[in-house]
Amino acid sequence: MHSCAVGDNGLTCWGAIFYGQTIEPGTISGPNVIASGGRDTCVSGETGMVCWGQYHGNASMQNEGMVPIDLNSPTKISVGERLNCALQEGEVYCWGSYGGAQTNMPDNLLNPRAVAAGERHACVLDDTGVVCWAGNRFYPLLITVPEGLSNPKAISAGSDHTCVISDSGVTCWGDDTYYPGIITVPEGLVNPTAITAGRDNTCVIDDNGATCWGRNFKGKNDVPDTLSNPKDIATGISFTCALDDNGVTCWGDNNYGQLD
């Protein structure tokens, strides 16, 4: 229920404050890589990497949320519901409350270039294509990657599903038992360039603008007509934000200032 962005004035976070995830620690210099979601926020800058929120500020959860000691300059960060992952110098690091996700991490990843953290599973893009793993064996639908993905370019993991942009277009897979439609990609997408998988919905940017599908909780799938040339997009529990020619545009629920 929160978002963060980096602009000319530095780092700005807004929305829910339950776990302190929107309170910047004030120790970040030159932020350049940022990820927010669930209960945490993580930022990397000139002074290294800092994370804050429930699994980083709560002493009782510190053993689960503490950033790996060797992680200080990641080029990619992904924050999931209770699982965070980062990519640094060809190595993938994952941490959070689902400890099995990092202990089950594959040791044969080949030049990983993108990482996506969900709630109970994580995925990477590497030279072999898409590789996914989960905290335990009870989530086979989350880690069974479809065959036939051609040159995957972008990936995003939600709570119960994963979506990829490849030369074949957009492909999603996972468990849609609780949220029917989250893995059913709409027809008519043209040259998709950005994708975000949330808890119960997915959004894509293509030549037509922004398109969202899945559970339309609080109107987070209702893309506004005022959106101008969107370039990137992120969806949360009850709202969605896009980077466009106007700056950052958000829509959906505003009970916690998510749209302000």
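Scroll up a little and you will see the structure.
So, here's what we can say about the structure. (Residues numbered from 1 in each chain as written. Predicted model: local features only at pLDDT ≥ 70, side-chain atom pairs only at ≥ 80, totals over all residues. Heavy atoms only, no water.)

**Regarding the side chain of Ser 238**
Note the cut-off: A helix here means a DSSP run of H or I that spans at least four residues, while a strand means a run of E at least two residues long, and both kinds are numbered starting from the N terminus. For this analysis, a polar contact is any N or O atom pair within 3.5 Å, provided that within protein one partner can donate a hydrogen and the other can accept it, and provided that sequence-adjacent residues contribute only side-chain to side-chain pairs. Here, residues are in contact when the closest pair of their heavy atoms is within 4.5 Å.
Inspection of the secondary structure puts Ser 238 in the loop between strand S18 (232-235) and strand S19 (239-244). Among the polar contacts listed, one links the side chain of Ser 238 to the side chain of Gln 258, at a separation of 3.3 Å. Look past the residues within four positions of Ser 238 in its chain and what remains in contact with it is Phe 217, Lys 218, Lys 220, Gly 252, Asp 253 and Gln 258.

**With respect to the state of the cysteines**
Keep this limit in mind: Cysteine sulfur atoms are paired as a disulfide whenever they fall within 2.5 Å. Residue burial is assigned from relative accessible area. The probe radius is 1.4 Å, only protein chains are included, and a residue is buried under 20% of its type maximum, exposed over 50%, and partly exposed in between.
All chains considered together, the criterion is met by 7 disulfides. Two residues, Cys 42 and Cys 51, share a disulfide whose sulfurs are 2.1 Å apart. Here the S-S torsion is close to 115 degrees, and the disulfide linking Cys 42 with Cys 51 is therefore right-handed. We note that Cys 42, like Cys 51, is buried. One disulfide in the model links Cys 203 with Cys 212; its S-S distance is 2.1 Å. The sign of the 110 degrees torsion about the S-S bond sets the Cys 203-Cys 212 disulfide as right-handed. The pair formed by Cys 203 and Cys 212 is uniform in burial state, with each residue classed as buried.

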